[in-house]
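Summary of the model geometry
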Amino acid sequence: MHLAKRQRSIDVTAMVQLLLRLPSFLASLVIVAVLSQLLFPDMGWLVVLFWLASGAMAFHRPTERALARHLLNLRYPTPRELSRLEPLWRAVTARTGVEGRAYELWIEDSDHLNALATAGHIVGVTRFSLERLSDGQLAAVLAHELGHHVRGHAWSSLLGQWYAVPGRLAWAVVRRLIRLVTDIGHGRMGFWAAVLLLMAGAAVLLVALEYWFVTLTLVAAPYLLAAVTRRAEVRADHHAAAAGFGPMLAEVLHMMQAADRERGSVTASALSGCGKTAAMGTRTPVRGRREGLLGKLLSSHPQYHTRLHHLAPYLKQR
């Protein structure tokens, strides 16, 4: 087996994804800095440094395992499942020159065709995928997810979401205070609640000013991030196809397309790139079909015919 000199890289889609997250990161940084200075006047800078360094936990194995087990609802493969997965994983990593032992294989107990790559070393497949796909098809799925890792999609998505958490929490507080103001306006709250609201006014103003310069980004970011994520899926498809798994990956896409049609208004989830969104990593759960242009712009995965179109050059080489 020939190991590539560079086991990981960061491609354009991962870099753009990080740049799109920059305003949220800066907003979160200011919020963390202000709160830490208020709560720990003498040690506030240390809290900020700790928060900045916390992103490295994405590559900390115990933290990754806790994320996989408790937030993504994954489990370790059984011996029987591992005996099926390991040979395929070795074949995939051998073809791509990647050290396979650097990654961990996990299982999700789901009845849907899906897979995920998250954090620094997690690769997961659903039980359905393990049971229903052929060896070649399952290897293609694994190669696709490996592509997200080696191109930097998985960790960049996780870091972007992690560093946006303080800003999201602050925005949730603002929304809660807005509802409180509404309740006061309807006479549901007393005088002391109004006093409490005034005391919190400074914090609300800080958050409002902080988010003023990212207003446009907040409006446009979902569409831009969705477009980048769709591009990342195509790039991961290319990674699998370049390793010789293009025809098998096309078969999987056709299977998902057929499942989508059979379900009607509910679509089978697509191969995903970077973990589970709700858990700060990125994997798309089973989702209802979003109709119209807006739904297409917000979709995290390209349409099947788009992915198959990009795979066509690899299929002609057979």
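As shown above, the structure is provided for reference.
What counts and how
Here the residue numbers are simple positions, counted from 1 along each chain's written sequence. Restriction of local features to residues with pLDDT of at least 70 applies here, the model being predicted, together with a cutoff of 80 or more for giving and counting side-chain atom pairs; totals for whole chains, interfaces and linings are based on all residues. In computing side-chain values, all of the structure's heavy atoms are included and hydrogens and water are not. The helix and strand labels rest on DSSP assignments: H or I over at least four residues marks a helix, E over at least two residues marks a strand, and numbering proceeds from the N terminus. The classification of residues rests on relative accessible area computed with a 1.4 Å probe and restricted to protein chains. Under 20% of the type maximum is buried, over 50% is exposed, and intermediate values are partly exposed. Two aromatic rings from Phe, Tyr or Trp, using only the six-membered ring of Trp, form a pair when their centres are within 6.5 Å; if the ring planes differ by under 30 degrees the pair is stacked, by over 60 it is edge-to-face, and anything between is tilted. Two conditions define a charge sitting above a ring: the NZ of Lys or the CZ of Arg must be within 6 Å of the ring centre, and it must be within 35 degrees of the ring normal. Paired strands are those between which DSSP finds at least two bridges. Contacts between residues were defined by any pair of non-hydrogen atoms, one from each residue, lying within 4.5 Å. To obtain each axis, a line is fitted to C-alpha atoms, and for helices this fit is confined to the stretch in contact; angles are then taken between N-to-C directions over 0 to 180 degrees. Here a salt bridge means any side-chain nitrogen of Lys or Arg lying within 4 Å of a carboxyl oxygen belonging to Asp or Glu.

With respect to unusual backbone geometry
Its identity as a non-glycine residue notwithstanding, Asn-73 has a phi of 60°, on the positive side. Residue position: Asn-73 is located in the loop between helix H3 (61-71) and strand E1 (74-75). Here the phi dihedral of Ala-119 falls at roughly 55°; this positive angle occurs in a residue that is not glycine. Within the secondary structure, Ala-119 sits in the loop between strand E3 (115-118) and strand E4 (122-126). Looking at Ala-119, the relative accessible area reads 1%, which means it is buried.

Things to note about the packing of aromatic side chains
For the structure shown, the criterion picks out six aromatic pairs. Aromatic side chains Trp-51 and Tyr-163 sit 5.1 Å apart centroid to centroid with 80° between the ring planes, which places their arrangement in the edge-to-face category. Within this pair, whereas Trp-51 is found in helix H2 (residues 44-53), its partner Tyr-163 is found in the loop between helix H7 (153-162) and helix H8 (165-185), the two being separated by 112 residues in sequence. Classification of Tyr-163 by relative accessible area gives buried; the value is 13%. One aromatic cluster in this structure is built from Phe-25, Trp-51 and Tyr-163. Seen from the ring of Phe-245, Arg-95 lies directly overhead, with NZ or CZ sitting 4.6 Å from the centre.

Observations concerning the sheet that holds strand E2 (residues 104-108)
Strands sit in the order E1-E2-E4-E3 across an open sheet of four strands; the sheet is mixed. Edge positions in the open sheet fall to E1 and E3, since each of these has one partner strand only. With two bridges connecting them, E1 and E2 associate as antiparallel partners. From the neighbouring strand, Leu-74 faces E2, where its bridge partner is Glu-108. Against the sheet, H3 contacts E1, E2, E3 and E4, and its axis sits at roughly 15° relative to E2.

A short note on the pattern of salt bridges
Charged atoms that come close allow side chains of opposite charge to pair. If you walk through the whole model with that rule in mind, you get 13 salt bridges. With a shortest N-O distance of 2.8 Å, Arg-84 and Asp-135 are connected by a salt bridge. Residue Arg-84 is found in helix H4 (residues 79-96), and its partner Asp-135 is found in helix H6 (residues 135-150); the two are separated by 51 residues along the sequence. Arg-84 sits in the partly exposed class, given a relative accessible area of 22%. Accessibility expressed as a relative area gives 43% for Asp-135, which makes it partly exposed. Measuring nitrogen to oxygen at the nearest pair gives 3.8 Å for the salt bridge that ties Arg-127 to Glu-131. Taken together, the residues Arg-127 and Glu-131, both in helix H5 (residues 127-132) and four residues apart, mark about one turn of the helix. Judged by its relative accessible area of 55%, Glu-131 falls in the exposed class. Among the charged side chains, a salt-bridge network with shared partners connects Arg-75, Glu-81, Asp-109, Asp-111, Arg-127 and Glu-131.

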